[in-house]
Number of protein chains: 2
Amino acid sequence: MGLDMGTMLGRMANLSTSDHTSVVAITLFVTLLCACIVIGHLLEESRWMNESITALIIGVCTGVLILVMSGGKSSHLLVFSEDLFFIYLLPPIIFNAGFQVKKKQFFRNFMTIMLFGAIGTLISFVIISLGAIAFFQKMDIGLAIGDYLAIGAIFAATDSVCTLQVLNQDETPLLYSLVFGEGVVNDATSVVLFNAVQNFDLSHINTSVAFQLIGNFIYLFISSTLLGVVTGLLSAYVIKKLYFGRHSTDREVAIMMLMAYLSYMLAELFYLSGILTVFFCGIVMSHYTWHNVTENSRVTTKHTFATLSFVAETFIFLYVGMDALDIEKWRVVSDSPKTSISVSATLLGLTLLGRAAFVFPLSFLSNLTKKSAHEKISFKQQVTIWWAGLMRGAVSMALAYNQFTRAGHTQLRGNAILITSTITIVLFSNVVFGLLTKPLVRFLMPSSKVLQSMISSDSLTPKSFMVPLLGESMDSEAELFIGNGQASETHEGGQSVVRPSSLRMLLTTPTRTVHYYWRKFDDAFMRPVFGGRGFVPYVPGSPTEQSVHWQGEDKQ
Amino acid sequence: MGLDMGTMLGRMANLSTSDHTSVVAITLFVTLLCACIVIGHLLEESRWMNESITALIIGVCTGVLILVMSGGKSSHLLVFSEDLFFIYLLPPIIFNAGFQVKKKQFFRNFMTIMLFGAIGTLISFVIISLGAIAFFQKMDIGLAIGDYLAIGAIFAATDSVCTLQVLNQDETPLLYSLVFGEGVVNDATSVVLFNAVQNFDLSHINTSVAFQLIGNFIYLFISSTLLGVVTGLLSAYVIKKLYFGRHSTDREVAIMMLMAYLSYMLAELFYLSGILTVFFCGIVMSHYTWHNVTENSRVTTKHTFATLSFVAETFIFLYVGMDALDIEKWRVVSDSPKTSISVSATLLGLTLLGRAAFVFPLSFLSNLTKKSAHEKISFKQQVTIWWAGLMRGAVSMALAYNQFTRAGHTQLRGNAILITSTITIVLFSNVVFGLLTKPLVRFLMPSSKVLQSMISSDSLTPKSFMVPLLGESMDSEAELFIGNGQASETHEGGQSVVRPSSLRMLLTTPTRTVHYYWRKFDDAFMRPVFGGRGFVPYVPGSPTEQSVHWQGEDKQ
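Residues numbered from 1 in each chain as written. Chains lettered and ligands numbered in written order. Predicted model: local features only at pLDDT ≥ 70, side-chain atom pairs only at ≥ 80, totals over all residues. Heavy atoms only, no water.

Time to look at the overall build of chain A. Assigned secondary structure in chain A consists of 23 helices and 0 strands. For chain A, the proportion of its 556 residues judged to be buried stands at 63%. Sequence separation of at least 24 residues holds for 81% of the intrachain contacts in chain A that already meet a minimum separation of 6. Summing over all exposed atoms, chain A offers an accessible surface of approximately 21,000 Å²; the carbon and sulfur share of this is 69%. (Helix = DSSP H or I, 4+ residues; strand = E, 2+ residues; numbered from the N terminus. Buried < 20%, exposed > 50% of the residue type's maximum accessible area, 1.4 Å probe, protein only. Contact = heavy atoms within 4.5 Å. Areas by Shrake-Rupley, 256 points an atom, 1.4 Å probe, with all protein chains shown as cover.)

In structure tokens:
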């Protein structure tokens, strides 16, 4: 595998690493990651492409190359590893999503998100499982009842990472919070469903089992959320009490990173939903902890979390792309191409159907509870929600490998067919649905198009930083610059730029009341203890007064 | 291991990770890391303690706790892994050292550093090997000739990480650059030595073998350095050409991190010295790449690299501390406590002697080439150099485990004795020598004491940021703040605060001439292509003019 130069030099002692294959694999992956970032940057202007699809394509190409170079023996350097995915790659992505999420938007739609994430996933699971039983039992693939239910869980598992790639929080805040929030709650539902599939006798469902499952879900949801909130508050308290900022930015950044990761690992340790935990930890950290640290720490954490998330996402898509040519399974499947194609097509159809079966009815239900017309989810928005959540990604891959292989390998025909079908659906849904989502959003919601070109493409160039600040004082260039820095943050995290849709939302009364009491409680009890904007001891010339614009949505 | 709650909940399916032990280990390590940072911060005022010793002690305590809880069966959750150390923990530490090193100081002492790193390590290796043969052959431990030579290499391997912990670049710039630079060059020497020990028949050394070894060293040194420089320049070129800054801070940060890591992994791939490569990559990146990115990226990379390095260092000491109670080896050794103690004492004595045998003669040689008195290394400085380089750390541990165990386990008495002796020396040298280095530096060089209290303890508190700026314009609080941010960077990375010793050095003529031609070459050929300070296209209000103070040492 291109190791000629390496083996040539191989005479020399390898002091450092016992396992040279891992060095080769890491070098290859890092090189490809760099390539993805550079190429993704060059293709950014394109309205069709995005980084995830670039990474997928580069991954597949590399897989082909490795396949050719290894003489058809292997297509990847690493067998898909659940640990790598769930322990190292997923936490930074979900944490960053919680850290950067528009909190107000998220909590306003909380009930709808819960409805979609819990009931919706269940509906999807049932439909896909029943469909799989109906279609596949005739095909003689050799699956047990547990496998059918697992198929339901695999294809009902929304991939939050994909959502982050195709929906933009600034362009379509409502859709983003609904689809992404659904994905986060979906994780808790998945844990319960998998538990149910593996431990309960689902052929004899009765009331007590149903209640047990519902109880399990409620327990998981509440304890996971609480764990995340507590860890986040603890980090805020520790940093506020010790006031690391006076001494070391590096310590503050380290504590924030480690505590965020700790929340995820604690959830995993206690068999909770790590995704829910780390998501809420991110929300709490951005509300309290982030305001307790120095300006340098804020810039650093904000960009480091975003960078780590970005790299992890790119890595996942690269990985999935390289894994697509899992030659061992494709060879088993190649004897019966018709069966394989029909299984993939059936599953894709069931996924489409399963999602439609809960998005439209539950949106209707959700709309019933809303009074004003602009709060309701319009039909066009419903179509977009349905479409944007169709992609299946690394989560489905991980679950499929978990269910249908032993340590990544299988020789059973049925299992191989399901692995290759999962790969097909992941690739197809990402490339086809992923490519079409951007145009679809623009087609269905043309109003967001103008907004997008204003916020998303240009906001990060230095020139546009100045626009909102032209009216403010510009005594010195130094102030102009720091002002610019703030302005960019306002663009990304806050809402001080007037946006028609969110402005309308700000005028709605009911959420305002809940929000009003939360603010009162927050100001009276939480902020004095845990810090947060405006509650850090005032030091003349300190960063505190610089950050008034940021996260303006908290204060409306 | 405190898993009662986990096993209680263990009825529930574990969706996410197949291997729960790794979750337990990671959770424990992250928790302990947080504890180390918090406790290290609280103990910072103490003149004796530092973070590494705190981490060592916490590690040992945790080891005891695990030993008690597991009923004397095991003292660590993870067996010491070379891969973990060399692939993940070492690169960020060495890269950050190169990124933050005072380049001028380093290159001024280049010849002395090479002398210490290459010839000095060799002298140390020979003395320790010969001493081991002389003493241990009588003791009947059962070692072969290769083992004696390996002992020489293990205890001649300077640990750059420990140096970073006890010497301060701002307090003692000359000593820091000498001892740390020696440690970096030492890595290349170690690779050659290990190669020699494993592949050559050293009992029949002749001229051709000696030349081959010298040739190997020169090849390794030059190719590793070149690889680091080329990777660094490539990152500068890519970022300058594509001008990521206009679009995304996250991409810039990602490219810088990934390229830095790539340089290390490429060196490992080609069996070069990764430490040398990543060190020079850090130097080049801080000279060119860092100036091509946005102000936010600069703050982020500076603090992220420092944080990663800080966390990795803490982790290593924690790890070494936990590994100290390697009960399997201690049990083998406990039959013959006298042998074990005398082996440890002999090795410690040999280490002291081996280092003394090259520091004083080579300093004398180096002084012969210097004309002015203040350029020479004074006797007090020589004593400090000797003392500060005595600590042995994770590198020695990794080499010892590599030589004397198979995958971390051994039942041979001789091997077990050497493993426990290495552990003893690592702990002893870190705790005793480490604790005494700070007081020793203060005792031998009292002039640096005042400086230290001025720079190191207070410079990071907001108030002292203002001191050097009181004379400058203070039109607005915003400007004051950004000024403060800059001032702190000046403290950390630059030399705009007048320091007696470095001021004197600036007046020396010979290095000035070399430096003058380098500047001319840099300005004429390098910077126009690769960017760097003052060579990035000017944008009004852009960060470029803000960073004039930073790294002031480049321009004198």
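Now that the structure is up, let's keep going.
Moving on: the confidence of the model for chain A. All names here are of chain A. With 74% of its residues at a pLDDT of at least 70, chain A reaches an overall mean of 74. Mean pLDDT values for the elements of chain A range from 30 in helix 1 (residues 4–8) up to 91 in helix 11 (residues 249–269). For the stretch residues 448–504, pLDDT sits under 50, and the model shows 101 contacts to residues farther than four places along the chain or on other chains. Note that residues 538–556 has pLDDT below 50 and, in this model, 61 contacts with residues that lie over four places away or in other chains. (pLDDT = per-residue confidence, 0-100.)

Another aspect to go through is the nonpolar core. A:Ile151, A:Phe279, B:Ile151 and B:Phe279 are the most contacted members of the largest nonpolar core, which totals 286 residues. No other element matches helix 11 of chain A, which puts 15 residues into this core. Excluding residues within four positions of it along the chain, A:Phe279 makes contact with A:Ile94, A:Ala97, A:Gly98, A:Val101, A:Phe106, A:Phe180 and A:Val184. (Core = buried A, V, L, I, M, F, W, Y, C linked by side-chain atoms within 4.5 Å.)

Attention now goes to the side chain of A:Thr346. Residues and elements named next belong to chain A. Tracing the backbone through its elements, the reader meets threonine 346 in helix 15 (residues 337–369). Judged by its relative accessible area of 14%, threonine 346 falls in the buried class. Of the polar contacts made by the side chain of threonine 346, one reaches the backbone oxygen of serine 342; its length is 2.4 Å. Other than its neighbours up to four places away in sequence, threonine 346 contacts Phe135, Phe136 and Met139. (Polar contact = N/O pair within 3.5 Å; in protein donor to acceptor, adjacent residues only side chain to side chain.)

All names here are of chain A. It is at 8 Å that the axes of helix 4 (residues 82–100) and helix 13 (residues 295–323) come closest, and there the two elements cross at 135°. In this view, helix 4 runs oblique relative to helix 13, as classed from their interaxial angle. Of the two possible hands of crossing, helix 4 and helix 13 adopt the one that is left-handed. Residue-level inspection shows Leu84, Phe85, Leu89, Pro92, Ile93, Phe95, Asn96, Phe99 and Gln100 of helix 4 in contact with helix 13, the latter providing Lys302, Phe305, Ala306, Leu308, Ser309, Ala312, Glu313, Phe315, Ile316 and Tyr319. Across the contact of helix 4 with helix 13, the residue classes break down as 14 nonpolar, 3 polar and 2 charged. (Axes fitted to C-alpha atoms, helices over the stretch in contact; angles between N-to-C directions. Parallel < 35°, antiparallel > 145°, perpendicular 65-115°, else oblique. Left-handed = near helix turned anticlockwise from the far one by under 90°. Nonpolar A, V, L, I, M, F, W, Y, C, P; charged D, E, K, R; others polar.)

Residues and elements named next belong to chain A. If you check the backbone angles, tyrosine 271 has positive phi at about 60° while not being a glycine. Topologically, tyrosine 271 is positioned in the loop between helix 11 and helix 12 (274–287). You can call tyrosine 271 buried: its relative accessible area is 14%.

This next bit is on the packing of aromatic side chains. All chains considered together, the criterion is met by 50 aromatic pairs over all chains. Ring geometry for A:Phe360 versus A:Trp386: centroids 6.5 Å apart, planes at 45°, classification tilted. With A:Phe360 in helix 15 and A:Trp386 in helix 16 (residues 379–388), this pair connects stretches of sequence that are 26 residues apart. Here A:Phe360 falls in the partly exposed class, since its relative accessible area comes to 23%. Summarising the aromatic geometry, the rings of B:Phe29 and B:Tyr319 are spaced 5.9 Å apart at their centres and angled 80° between planes, so their arrangement reads as edge-to-face. Here B:Tyr319 lies in helix 13 (residues 295–323) and B:Phe29 lies in helix 2 (residues 20–42), a separation of 290 residues in the sequence. By the burial criterion, B:Phe29 is buried, and B:Tyr319 matches it. Taken together through their ring pairs, the aromatic side chains of A:Phe106, A:Phe107, A:Phe110, A:Tyr176, A:Phe180, A:Phe221, A:Phe279 and A:Phe280 make up a single cluster. (Phe/Tyr/Trp six-rings, centres within 6.5 Å; stacked < 30°, edge-to-face > 60°.)

This part takes up the environment of B:Leu213. Residues and elements named next belong to chain B. Relative to the assigned elements, leucine 213 resides in helix 10 (residues 207–242). You can call leucine 213 buried: its relative accessible area is 18%. Remark: the alpha-carbon pair of leucine 213 and glutamate 51, spanning 162 residues in sequence, is separated by 39 Å.

Looking now at helix 12 of chain A. Relative to the 20 Å expected for 14 residues at 1.5 Å per residue, helix 12 of chain A spans 20 Å between its end C-alpha atoms, a close match to the ideal helical length. Taking burial as the measure, the 14 residues of helix 12 of chain A include 14 buried ones, the bulk of the element. (Expected span 1.5 Å × (residues − 1).)

Taken as a whole and judged by the stated rule, the model has 0 disulfides over all chains. The thiol of A:Cys36 is unpaired, and the distance to the nearest cysteine sulfur, on A:Cys34, comes to 9.3 Å. This cysteine, A:Cys281, is not joined by any disulfide, and B:Cys34 carries the nearest cysteine sulfur, 11 Å off. (Disulfide = S-S within 2.5 Å.)

A contiguous nonpolar patch, built from A:Phe211, A:Ile214, A:Ile218, A:Ile222, A:Leu226 and A:Val230 and spanning about 600 Å² of accessible area, is present on the exposed surface. Along the chain, the position of A:Leu226 falls in helix 10 (residues 207–242). (Patch = residues over 30% accessible without salt bridge, like charges linked within 9 Å, V, L, I, M, F, W, Y side chains within 5 Å. Salt bridge = Lys/Arg side-chain N within 4 Å of Asp/Glu carboxyl O.)

Residues and elements named next belong to chain A. Overall, the coordinates contain 6 salt bridges over all chains when judged by the stated rule. Residue arginine 527 pairs with aspartate 523 through a salt bridge whose shortest N-O separation is 3.6 Å. Taken together, the positions of arginine 527 and aspartate 523, both in helix 23 (residues 510–530) and 4 residues apart, correspond to about one turn of that helix. For aspartate 523, a relative accessible area of 31% translates into the label partly exposed.

The next point concerns the side chain of A:Ser366. Residue and element names in this part refer to chain A. You can see serine 366 is positioned in helix 15. Since its relative accessible area comes to 5%, serine 366 is described here as buried. Aside from chain neighbours lying at most four places away, what touches serine 366 is Thr112 and Ile377.

A separate point is the environment of B:Val332. Checked against the element boundaries, B:Val332 lands in helix 14 (residues 327–333). When its relative accessible area of 14% is taken as the criterion, B:Val332 is described as buried.

What follows is about the environment of B:Gln403. Residues and elements named next belong to chain B. You can see glutamine 403 is positioned in helix 17 (residues 394–404). Taking the C-alpha atoms as reference points, glutamine 403 and methionine 69, 334 residues apart in sequence, are found 31 Å from one another. Once you skip the residues sitting within four places of it in the chain, glutamine 403 turns out to touch Gly146, Asp147 and Ala150.

Looking now at the packing of helix 2 of chain B against helix 3 (residues 51–69) of chain B. Residue and element names in this part refer to chain B. Where helix 2 contacts helix 3, the axes come no closer than 9 Å and their chain directions differ by 140°. Taken together, the axis directions place helix 2 and helix 3 in an arrangement best described as oblique. For the crossing formed where helix 2 meets helix 3, the hand is right-handed. Residue-level contacts link Leu28, Leu32, Ala35, Cys36, Ile37, Ile39, Gly40 and His41 of helix 2 to Glu51, Thr54, Ala55, Ile58, Thr62 and Ile66 of helix 3. The residue inventory of the contact of helix 2 with helix 3, partitioned by class, reads 9 nonpolar, 4 polar and 1 charged.

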